[in-house]
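# Breakdown of the fold
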Amino acid sequence: MRRIILFLVLAVFLASACSQTPAEKPEDFVGQGTPVESSMPVPGENIKETEVMGGNEPAAESVKEFKITAKQFSFTPETIEVNKGDRVRLLVTSTDVPHGISINEYGINERLDPGKEVKIEFTADKEGTFTAFCSVFCGSGHSNMKGKLIVK
Ligand code: CUA
């Protein structure tokens, strides 16, 4: 009896030690007949969800991040699409002259100085198609410098 307990303790210990490797998920060990009623909790894995598709729950930790370049006279990518309720992070950089990025419906208006990444975070709580436009005069094409935010 002693040996069995010793063995189980050892097995659980090894299992939790192995699950430290980032490639392995703790669930992999649960299904293998290792008794889980031990007092030793499987260390929580640091699973980071950057993009969760089709999730309706708010999932506070999931952020959709987009890198956007602004230059005369366009934003790249021009259109970004997210789901309603998503936490959205825009990292916007101008590569030539000062521009701006503004999305009225979300109260966003930031100046973009060349080479300086500007971080914009918001929750996409309004559905629809919104225009992101350049809000700093940047030359002849300024008034046509637009992008699109689609919230489904
Ligand atoms: Cu770019 Cu105005």
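Everything here concerns the structure above.
Residues numbered from 1 in each chain as written. Predicted model: local features only at pLDDT ≥ 70, side-chain atom pairs only at ≥ 80, totals over all residues. Heavy atoms only, no water.

## Some remarks on the sheet that holds strand S7 (residues 118-123)
Taken together, the 4 strands give an open sheet; going across it, the order is S2-S1-S4-S7, and neighbouring strands pair in mixed fashion. Of all the strands in the sheet, just strand S2 (74-76) and S7 have a single pairing partner and so form its edges. With strand direction ignored, the average angle separating the axes of adjacent strands in the sheet is 25 degrees. The pairing of strand S4 (residues 87-94) with S7 spans 6 bridges and is classified as antiparallel. (Pairing = 2+ DSSP bridges. Helix = DSSP H or I, 4+ residues; strand = E, 2+ residues; numbered from the N terminus. Axes fitted to C-alpha atoms, helices over the stretch in contact; angles between N-to-C directions.)

## Description of empty space enclosed by the protein
Overall, the coordinates contain 1 cavity of 30 Å³ or more when judged by the stated rule. Taken together, Ile68, Phe75, Pro77, Glu78, Ile80, Leu90, Ile101, Ile103, Ala132, Gly147, Lys148 and Leu149 form the lining of the largest cavity. Mapped onto the lining of the largest cavity, the elements with two or more residues apiece are strand S5 (99-103) and strand S9 (146-151). A per-element tally of the lining of the largest cavity places S9 first, with 3 residues. Looking at the lining of the largest cavity, its residues break down into 9 nonpolar, 1 polar and 2 charged. (1 Å grid on protein atoms, 1.4 Å probe; cavity = no way out; pocket = protein on both sides within 12 Å on 5 of 7 lines; lining within 4 Å. Points joined across faces, edges and corners; volume = space filled by probe spheres on them. Nonpolar A, V, L, I, M, F, W, Y, C, P; charged D, E, K, R; others polar.)

## Focus: the side chain of Ser102
When you line up the elements, Ser102 lands in strand S5. Assessed through its relative accessible area of 4%, Ser102 is described here as buried. There is a polar contact of 3.0 Å between the side chain of Ser102 and the backbone oxygen of Ile108. (Buried < 20%, exposed > 50% of the residue type's maximum accessible area, 1.4 Å probe, protein only. Polar contact = N/O pair within 3.5 Å; in protein donor to acceptor, adjacent residues only side chain to side chain.)

## Some thoughts on the nonpolar core
Ranked by internal contacts, the top residues of the largest apolar core, which has 25 residues, are Phe75, Leu90, Tyr106, Ile120, Phe122 and Leu149. Those elements that place two or more of their residues in this core are strand S1 (63-71), strand S3 (79-82), S4, S5, strand S6 (108-112), S7, strand S8 (128-133) and S9. Once residues within four sequence positions are removed from consideration, Ile120 is found in contact with Val88, Arg89, Leu90, Val92, Ile101, Ile108 and Glu110. (Core = buried A, V, L, I, M, F, W, Y, C linked by side-chain atoms within 4.5 Å. Contact = heavy atoms within 4.5 Å.)

By themselves these figures say nothing about function.
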